[in-house]
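What the coordinates show
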Amino acid sequence: MRRAIELAQKGTGHTNPNPLVGAVIVKDGQVIGEGFHEAYGGLHAERNALKSCTEDPKGAELYVTLEPCCHYGKTPPCTEAVIKSGIRKVYVGNVDPNPKVAGMGIKILREHGIKVETGILDEECRELNDIFFYYITHDTPYVALKYAMTLDGKIAVKTGESKWITGGEAREHVQFLRHRYAAILTGIHTVIGDDPMLNARIEGGNNPVRVICDSRLRIPISSKIVQSAKVIPTIIAACERNEKAQRLEALGCRVLICPGKDGKTDLLELMRILRKEKIDSVLVEGGADINDSVIQAGAVNKVYAFIAPKIFGGRQARSPVEGEGVDKISDALLLNGPEITRFGEDLLLEYKVR
Ligand code: AOF
Ligand code: ZN
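Residues numbered from 1 in each chain as written. Chains lettered and ligands numbered in written order. Predicted model: local features only at pLDDT ≥ 70, side-chain atom pairs only at ≥ 80, totals over all residues.

**Thoughts on the sheet that holds strand 9 (residues 234-238)**
- Sheet architecture is open: nine strands sit in the order 10-9-8-7-11-6-12-14-13, paired in mixed fashion. In the strand order of this sheet, the two ends are held by strand 10 (254-257) and strand 13 (335-343), each with one partner. When strand polarity is set aside, the average angle formed by the axes of neighbouring strands in this sheet is 25°.
- With six bridges connecting them, strand 12 (residues 302-308) and strand 14 (residues 346-353) associate as antiparallel partners. By the bridge assignment for strand 14, Val 303 is matched with Tyr 351.
- Contacting strand 6 (142-150), strand 7 (183-187), strand 9, strand 10 and strand 11 (281-284), helix 11 (residues 267-276) crosses the sheet at an angle of about 130° to strand 10. (Pairing = 2+ DSSP bridges. Helix = DSSP H or I, 4+ residues; strand = E, 2+ residues; numbered from the N terminus. Axes fitted to C-alpha atoms, helices over the stretch in contact; angles between N-to-C directions. Contact = placed C-beta atoms within 7 Å.)

**Looking at the nonpolar core**
- With 59 residues, the main nonpolar core has Val 143, Ala 183, Ile 212, Ile 236, Val 282, Val 284 and Val 294 as its most contacted residues.
- If you tally residues by element for this core, the top one is strand 6, at seven residues.
- Those residues in contact with Ile 212 that sit more than four places away from it in its chain are Thr 186, Ile 188, Val 191, Ile 219, Ile 225, Ile 236 and Ala 237.
- Formed by 34 residues, the second largest nonpolar core is a distinct cluster that contains Leu 20, Leu 50, Tyr 63 and Met 104. (Core = buried A, V, L, I, M, F, W, Y, C linked by C-beta atoms within 7 Å. Buried ≥ 20, exposed ≤ 12 C-beta atoms within 10 Å, placed from the backbone.)

**Considerations on the sheet that holds strand 4 (residues 89-94)**
- The strand order across the open sheet formed by five strands is 2-1-3-4-5, and the pairing between neighbours is mixed. Where the open sheet ends on each side, the last strands, each with one partner, are strand 2 (30-36) and strand 5 (115-117). In this sheet, adjacent strand axes meet at a mean angle of 20° when their direction is disregarded.
- The pairing of strand 3 (residues 61-66) with strand 4 spans five bridges and is parallel. Bridge pairing in strand 4 links Val 64 to Val 92.
- Packed onto the sheet, helix 1 (residues 2-9) meets strand 1 (22-27), strand 2 and strand 3 and runs at close to 145° relative to strand 1.

**Details of the pairing of strand 11**
- Residues Ser 281 and Leu 283 line one face of strand 11 and the alternating positions Val 282 and Val 284 line the opposite face, and both faces are buried.
- As paired elements, strand 6 and strand 11 share four bridges and run parallel to each other. What sits directly across from Leu 145, in strand 11, is Val 284.
- Both strand 7 and strand 11 contribute to a ladder of three bridges, which runs parallel. The residue of strand 11 that forms the bridge with Leu 185 is Val 284.

**A word on the domain arrangement of the protein**
- When the domains of the protein are assigned, the result is domain 1 (1-131) and domain 2 (138-353).
- One C-alpha centre belongs to domain 1, the other to domain 2; they are set 35 Å apart.
- Its residues placed into classes, the side of domain 1 that touches domain 2 shows two nonpolar, four polar and one charged. (Domains from an automatic or database assignment. Nonpolar A, V, L, I, M, F, W, Y, C, P; charged D, E, K, R; others polar.)

**Focus on the UniProt feature "active site" (unreviewed entry) in the protein**
- The feature "active site" (unreviewed entry), as given by UniProt, occupies Glu 46 in the numbering adopted here.
- With respect to the helices and strands, the residue Glu 46 is situated in helix 2 (residues 45-51).
- Among residues more than four places away in sequence, those in contact with Glu 46 are Ala 23, Leu 62, Val 64, Pro 68, Cys 78, Ala 81 and Val 82. (UniProt positions renumbered as here; feature names shortened; annotations may be inferred.)

**A closer look at helix 7 (residues 168-180)**
- The end-to-end C-alpha distance of helix 7, which contains 13 residues, comes to 19 Å, matching closely the 18 Å that a straight helix rising 1.5 Å per residue would cover.
- By the burial criterion, the buried members of helix 7 are Ala 170, Val 174, Arg 178 and His 179.
- Residues of helix 7 that are buried sit in contact with strand 6, strand 7, strand 11, strand 12, strand 13 and strand 14. (Expected span 1.5 Å × (residues − 1).)

**Focus: the site of ligand 1**
- Taken together, 16 residues are adjacent to ligand 1, and Asn 18, Val 21, His 44, Gly 73 and Asn 98 come closest.
- For the shell around ligand 1, the class distribution of residues is seven nonpolar, seven polar and two charged. (Near = placed C-beta within 6 Å.)

**Considering the confidence of the model for the protein**
- Averaged over all residues, the pLDDT of the protein is 97; the fraction at 70 or higher stands at 100%.
- The ipTM, which scores confidence in the relative placement of chains, is 0.89 for this predicted complex, and the corresponding pTM is 0.95. (pLDDT = per-residue confidence, 0-100.)

Shown next as structure tokens:
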């Protein structure tokens, strides 16, 4: 199963909104086939593993990180392929939370005389698919907040300069996160201030859909985002249409109207729209205000906090989350973690929202 997990990870960033799945086929104590879900719409892990078998899988055992599917989707049910292959036993990591499967795959295998054991490395398999497990059971995507700050909790110096807080290795990892997540969300202030591209600059990287919260459509036509919108899908979320909407659309942007309170866009409504379009995950790379807004909307599932060994000081220097803040400690947003990784001189702390 550990090998199956390793294989599954190779699909990272390519399978959204489908899960990461790995499979290993063992006969007489020897691995005779391996496979993983390589890309969205492609063969499922089980079929790839069966296809790769170096000998007849009849009587073999299958290790698969997620319950085999039993529905006709983009591919026929994997249960059919497993039954036909003559595999005699299946070890499953997680039961599939997809309502179309949800235990039915296991039931069908058992009805065909195949032994099934579940919960093998359950936790580790689940870790792989935090995004999928959330997405398939909710009407909003899995949302992660990412920011880089100094040891004294600043995301810029008092003049606003923020390039760069962290070093090259940490920033490289951010490119990987952009590849992993289906969309990236930021606010108009970041676009005006930094003129970012918000793409995934790694080899073979998949660019996230760029989503800009821009209630009054202030985004500069000359910005890199607008100028590249014909190549990288770009959504501008605004409170109402104005004469600029058409110009943006002519340049390839999609203008979405989702008005909320206080002249801001309704983030939850925006998330619901994204979810309907099969966007399973959103990485928020914004400033203090947008970070606060997504927290206030109750939309955050995960936090990636990079910490650089620097101290800026300064009352005017901004911190990762501003807004009104809570009145009492007992009102704090609580997190589980951290998982700690070191990137050069910087630390990455990963937390899940409780
Ligand atoms: C995958 N890859 O290896 C496994 C999946 O859209 P479809 O037809 O490809 O079906 C996707 C569903 O199949 C997915 O939501 C999950 O419930 C199940 N298993 N999916 O993409 C795989 N084993
Ligand atoms: Zn399947």
